[in-house]
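Structural features, examined
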Amino acid sequence: MKRSRPLVVVIGLAVAGIVMLSWTQTWFTVHLDTSAAVTSTVVADGSKAVPQFTALAIASLALFLAMTIAGKVVRIVLAAIEILLGLGIVVSGITALRDPVGAAKGAIGDVAGVSDLAAVRRIVTSVDVSAWPAVGIAGGVLAVLLGVVVLVVQRSWPGPSRKYAANPAGTAPKAAPVQRDAIVDWDDLSAGVDPTDAAAVDGPDAAVVGAPDATVVDAPDAAVVEPTGADDTIGSGVRRSTDGATDHEEHREHH
């Protein structure tokens, strides 16, 4: 049942093609009174007798093409529409068969020069009906049955391919935060970037990611990161240099 979708789609396209074919063929051959018309016979094809056939057939054709990528809910809707299209084809064909003169009125009026249905009936002597109306009606019946089949078997059909799915707006995947370690910090220092500055390292929207042993000290306008651990050596060297410069200044003032 899972592999029935290609078969159903192909059959649906074939049914729509049958309806289109019947629409292009001769439906009625109308014989006229030669004393009231310039010609004795008028041929009415499907386009004159049932002009709505082409719209219904094209809609059915597009429906089965859409069914190849449709999801479960959409398939149910399409199957229901296909049943309605088939019923429309059947009703149109039967209506034309029940009143061939009324269906061929346009073709007869073009030849006889009359448009009133009563006047058209007066000049018609007989009507020959071809097999193509039955073919078109049979196509409509097949379309109805095919719609019912789709309602039954579509539950086992696979869903649409993921390549047709799109990410909703605002749900684009975000990059994972950078894991800080000694190697990354040294690379940032080599590039002239302060590894303790989260805005410079991870961008303006990134969260502050501190070193493993860092301590954050509150300040009036900014967060100052005071390094501890291995970085104490650098800080101690800076303080010793500052203390040495202060002692030298005091010695000079003493002399």
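See the structure printed just above.
About the cut-offs
Position numbers for residues start from 1 in each chain and track the written sequence from start to end. Side-chain atom pairs in this predicted model are given and counted only at pLDDT of 80 or more, local residue features only at pLDDT of at least 70, and totals for whole chains, interfaces and linings cover all residues. Working from all heavy atoms in the structure, the side-chain values ignore hydrogens and water. Strands here are runs of E lasting at least two residues and helices are runs of H or I lasting at least four, both read from the DSSP assignment and numbered beginning at the N terminus. Accessibility here uses a 1.4 Å probe with only protein chains present; expressed as a share of the type maximum, an area under 20% marks a residue as buried, one over 50% as exposed, and anything in between as partly exposed. Two residues form a contact once any of their heavy atoms are found within 4.5 Å. Accessible surface area values rest on a Shrake-Rupley calculation with a 1.4 Å probe, where residue burial reflects the displayed protein chains alone. A pair of strands counts as paired when DSSP detects no fewer than two bridges linking them. For every element, the axis is a line fit to its C-alpha atoms; helices are fit only across the contacting stretch, and the angle between N-to-C directions ranges from 0 to 180 degrees. Only Phe, Tyr and Trp rings are paired, with Trp represented by its six-membered ring, and only when their centres lie within 6.5 Å; those with planes under 30 degrees apart are stacked, over 60 edge-to-face, the remainder tilted. Among the buried residues, those of types Ala, Val, Leu, Ile, Met, Phe, Trp, Tyr and Cys that are joined through side-chain atoms within 4.5 Å form a nonpolar core. A helix is expected to reach a length of 1.5 Å times the quantity of its residues less one. The arc in question is traced by the directions running from the helix axis to the C-beta atoms. Salt bridges are identified by distance alone: a Lys or Arg side-chain nitrogen within 4 Å of an Asp or Glu carboxyl oxygen. Any angle that falls under 35 degrees is termed roughly parallel, while one over 145 is termed roughly antiparallel, one within 65 to 115 roughly perpendicular, and all others oblique. Helix crossings are classified by the rotation of the near helix relative to the far one: an anticlockwise turn of less than a right angle makes the crossing left-handed, while a clockwise turn makes it right-handed. Residues are grouped as follows: nonpolar covers Ala, Val, Leu, Ile, Met, Phe, Trp, Tyr, Cys and Pro; charged covers Asp, Glu, Lys and Arg; every other residue, Gly included, is treated as polar. For patches, a residue must show more than 30% relative accessible area and have no salt bridge; joins then use 9 Å for like charges and 5 Å for nonpolar side chains, namely Val, Leu, Ile, Met, Phe, Trp and Tyr.

1. Overview of the overall build of the protein chain
Within the protein chain, the secondary structure is distributed over eleven helices and five strands. The buried share among the 255 residues of the protein chain stands at 28%. In the protein chain, of all internal contacts separated by at least 6 residues, the share reaching a separation of at least 24 is 65%. Of the roughly 16000 Å² of accessible surface on the protein chain, 62% is carried by carbon and sulfur atoms.

2. Remarks on the pairing of strand S1 (residues 26–32)
Inspection of the sheet shows S1 paired to strand S2 (residues 41–45) by five bridges, in the antiparallel sense. Within S2, the residue paired with Thr29 across the bridge is Val43.

3. Description of the sheet that holds S2
Read across the open sheet, the three strands follow the order S2-S1-S3; overall the sheet is antiparallel. Both outer strands of the open sheet, S2 and strand S3 (124–129), are each paired with one neighbouring strand and no more. Geometrically, the sheet is characterised by an average inter-axis angle of 20° between neighbouring strands, direction not taken into account. Direction of pairing for S1 relative to S3: antiparallel, over a ladder of five bridges. Residue pairing across strands places His31 opposite Ser126, the latter belonging to S3. Seen against the sheet, helix H6 (residues 105–112) touches S1, S2 and S3 and runs at an angle of roughly 145° to S2.

4. What to know about the packing of aromatic side chains
Applying the stated criterion to the full structure yields two aromatic pairs. Plain terms: the ring middles of Trp27 and Phe28 are 6.2 Å apart, the flat faces sit at 80° to each other, and that makes the pair edge-to-face. Its relative accessible area of 0% is what places Trp27 among the buried residues. Phe28 sits in the buried class, given a relative accessible area of 0%.

5. Structural notes on the nonpolar core
Within the largest apolar cluster, 36 residues are counted, with the highest numbers of intra-cluster contacts made by Trp27, Phe28, Val30, Leu32, Met67, Ile108 and Val124. When residues no more than four places from it in sequence are discounted, the contact partners of Val124 are Val30, His31, Leu32, Val101 and Ile108.

6. Here we look at helix H1 (residues 4–24)
Taking 1.5 Å per residue as the helical rise, H1 with its 21 residues ought to reach 30 Å, and the 31 Å between its terminal C-alpha atoms agrees with that figure. Among the residues making up H1, those that are buried are Ser4, Arg5, Val8, Val9, Gly12, Val15, Ala16, Val19 and Ser22. Take H1 and look down its axis: the buried residues cluster within an arc of 150°, on one side only. Summarising the geometry of H1, the exposed residues directed more than 90 degrees from the buried face are Pro6, Leu7 and Val10.

7. Some words on helix H4 (residues 72–98)
For H4, built from 27 residues, the straight-helix expectation of 39 Å at 1.5 Å per residue is met to within 8% by its first-to-last C-alpha distance of 39 Å. Among the residues making up H4, those that are buried are Arg75, Leu78, Ala79, Glu82, Ile83, Leu85, Gly86, Ile89, Val90, Ser92, Gly93 and Ala96.

8. Side note on the pattern of salt bridges
Taken as a whole and assessed by the stated rule, the structure comprises two salt bridges. Its salt-bridge partner being Asp99, residue Arg121 comes within 2.9 Å of it at the nearest N-O pair. On the criterion of sequence distance, the pair formed by Arg121 in helix H7 (residues 117–123) and Asp99 in the loop between H4 and helix H5 (100–103) is long-range, its members being 22 residues apart. For Asp99, a relative accessible area of 26% corresponds to the partly exposed category.

9. Describing the packing of H1 against helix H8 (residues 132–153)
Helix-helix packing is characterised by the crossing angle of the two axes and by the distance between the axes. H8 packs onto H1 with a crossing angle of 160° between their chain directions and a minimal axis gap of 9 Å. Put simply, H1 runs roughly antiparallel to H8. Relative to H8, the crossing made by H1 is left-handed. Only Trp132, Val135, Gly136, Gly139, Gly140, Leu142, Ala143, Leu146, Val150 and Val153 of H8 make contact with H1, whose side of the interface consists of Ser4, Val8, Ile11, Gly12, Val15, Ile18, Val19, Leu21 and Ser22. Of the residues assigned to the contact of H1 with H8, the class counts are 13 nonpolar, six polar and no charged.

10. Regarding a nonpolar patch on the surface
A cluster of nonpolar side chains, Ile76, Val148, Leu151 and Val152, forms an exposed patch at the surface whose accessible area comes to about 300 Å². Of the residues forming the nonpolar patch, the biggest block, three residues, is contributed by H8. Assignment of secondary structure puts Val148 in helix H8.

11. Quick look at the environment of Phe28
Considering the arrangement of structural elements, one finds Phe28 in strand S1. In this structure, the C-alpha to C-alpha distance between Phe28 and Ala96, residues 68 residues apart in sequence, is 9.7 Å. Aside from chain neighbours lying at most four places away, what touches Phe28 is Val42, Val43, Ala44, Ala49, Ala96, Leu97, Pro100, Ala103, Val127, Asp128 and Val129.

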